[in-house]
Amino acid sequence: MIHGASHMKRTFAIDFGSDTTVIAGKTGITDDALTRELSAFASDVSRIEQDGQSHSCVSVPTLVHYSTGGDVLIGEEVIRAGLPGHPSTIQGMKHYILVGSPASTTVNGSICRYCDAGTRFLSLITGALAGKAGTDQPELVFTVPSGSSGLFEEHVSAVLLSRGIRNYRFCDEIPAALYASGFPLARGSLFLFYDHGGDALRVSVVIVDDDSRVPGGISCRVLGFARAGTAGTEVDSLLADAILKENGLSAHGAGARGRFSDIKYSCAGMKEALSTGNTTEYALNIAGVPVSGSISQEDLEGLLRAGGFFAGIENTVRRALDHAFSRGFAESAIKGVVMVGGCSSIPCIRAWMVSRFGEDRVFCSEPAFTIARGALLVSSDTAISDAV
């Protein structure tokens, strides 16, 4: 679905995530604007090369903080101020937008809906990228999660239109990820799309079809889909629980909620550190009690196994495969598995998928950036449909 002109050279693809939002631009055209406009909010800038294509990806923590004075901080501003675990800091807004939930929390004595916090976050990000209304605006491409009911698109459209931004479009995550994976997208090919993010695990069995709307074009059709709460937030909770127990602090009873909120964001950082390193150290202050220690990849794998995490993954994968099987498609026909999302970076999860499907079939390269990069590529290629 396209709104406004789509011929503009400057394009930004936005993958709005539960924990981290990734914005991609083509190196040499939009990367200067990305780093300049989002410098206050961004935690990291990465440049990725693949098949002669160069993209810049900016990571923005999906955080919103409301100060008592009325100021609003987002992304890295919240972290620099030392406020990620503050009671007035909101995260995880994506889930509430996806399901249209009116759920709210109390912030500085007032009721704040999670969806409204998401609106504020998206408004500041897109406003920084698009500039003033009426100017030569770039095209914004928003990725849409698999299984979306349309509420996400409605919410994002309302945010953009309220800022006078009309040059935007949506791209489903599945064609974006498959396109960026590098797998040959031959007609009739069967793929497993494994999206393991902060809010949920989404698994889809997808077949590449002809697109009757475009001569010679291709599209993606979902044959089986399953969703589970076996996600990044559960990993954070398992780490927090382990750290509390290791330091003799109760994970239950009076004050437990406060102790969890004190360290949950730190645990998310440990999870990310263990995606690239064998061990990560921590030094935390939990309800006034200083604690320190270390967590290894082996420790994390043990926590996940004991917590039934891998059983949850297998159950979700199996449900998606069973749906496809009921339509006449066998697991043996799957040509490739595309892993995306932050949890796909965790070595033991990636290793589990390799043992399940075989190394030659699993694609897991820069999984945190795959969807945003793919949406950028799809937006400039009329031969592949951006909708499932």
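Scroll up to find the structure this text is about.
The text that follows walks through the structure, step by step, so that each part is easy to find. These numbers were taken from a predicted model, which means no experiment stands behind them.

What counts and how
Residues numbered from 1 in each chain as written. Predicted model: local features only at pLDDT ≥ 70, side-chain atom pairs only at ≥ 80, totals over all residues. Heavy atoms only, no water. Pairing = 2+ DSSP bridges. Helix = DSSP H or I, 4+ residues; strand = E, 2+ residues; numbered from the N terminus. Axes fitted to C-alpha atoms, helices over the stretch in contact; angles between N-to-C directions. 1 Å grid on protein atoms, 1.4 Å probe; cavity = no way out; pocket = protein on both sides within 12 Å on 5 of 7 lines; lining within 4 Å. Points joined across faces, edges and corners; volume = space filled by probe spheres on them. Nonpolar A, V, L, I, M, F, W, Y, C, P; charged D, E, K, R; others polar. Disulfide = S-S within 2.5 Å. Buried < 20%, exposed > 50% of the residue type's maximum accessible area, 1.4 Å probe, protein only.

Spatially, S7-S6-S8 is the arrangement adopted by the three strands of the open sheet, whose pairing is antiparallel. Here the strands that pair on one side only, and so sit at the sheet edges, are strand S7 (72-74) and strand S8 (89-91). Averaged over all adjacent pairs, the angle separating strand axes in this sheet is 20°, with direction ignored. Sheet topology note: the strand S6 (residues 63-66)/S8 ladder contains three bridges and is antiparallel.

Of the pockets and cavities examined, the largest pocket occupies roughly 1100 Å³. What lines the largest pocket is a set of 43 residues, among which Thr20, Glu272, Gly342, Ser345 and Ala368 lie closest to the centre. Put simply, the parts of the chain that give the lining of the largest pocket at least two residues each are strand S3 (20-26), strand S4 (44-50), strand S5 (53-61), strand S13 (190-196), helix H7 (232-246) and helix H8 (256-273). Element by element, the count of residues in the lining of the largest pocket is highest for H8, at six residues. Its residues placed into classes, the lining of the largest pocket shows 12 nonpolar, 17 polar and 14 charged.

Moving on, we come to the state of the cysteines. Counting across every chain of the model gives zero disulfides. Of the cysteine sulfurs around Cys171, a residue in no disulfide, the closest is that of Cys220, at 9.4 Å. Owing to a relative accessible area of 1%, Cys171 belongs among the buried residues under this scheme. In this model Cys348 remains outside any disulfide bridge; the closest cysteine sulfur is found in Cys343, 9.6 Å from its own.

Residues Thr280, Tyr282, Leu284 and Ile286 line the buried face of strand S16 (residues 279-286), whereas the alternating positions Thr279, Glu281, Ala283 and Asn285 sit on a face that is not buried. Of the strand pairs in this sheet, S16 and strand S17 (residues 289-296) are connected by eight bridges, and their pairing is antiparallel. Note that in S17 the partner of Ala283 across the bridge is Ser292. A loop of two residues connects S16 with S17, the two strands running antiparallel in sequence, and Ala287 in this loop sits at a positive phi of about 50°.

Strand order across the open sheet formed by five strands is S15-S14-S13-S18-S19, with mixed pairing between neighbours. Looking along the sheet, the strands with just one partner apiece sit at the ends: strand S15 (217-228) and strand S19 (362-363). Pairing of S13 with strand S14 (residues 201-211) involves seven bridges; the strand directions are antiparallel. Bridge pairing links Leu192 to Val205 in S14.

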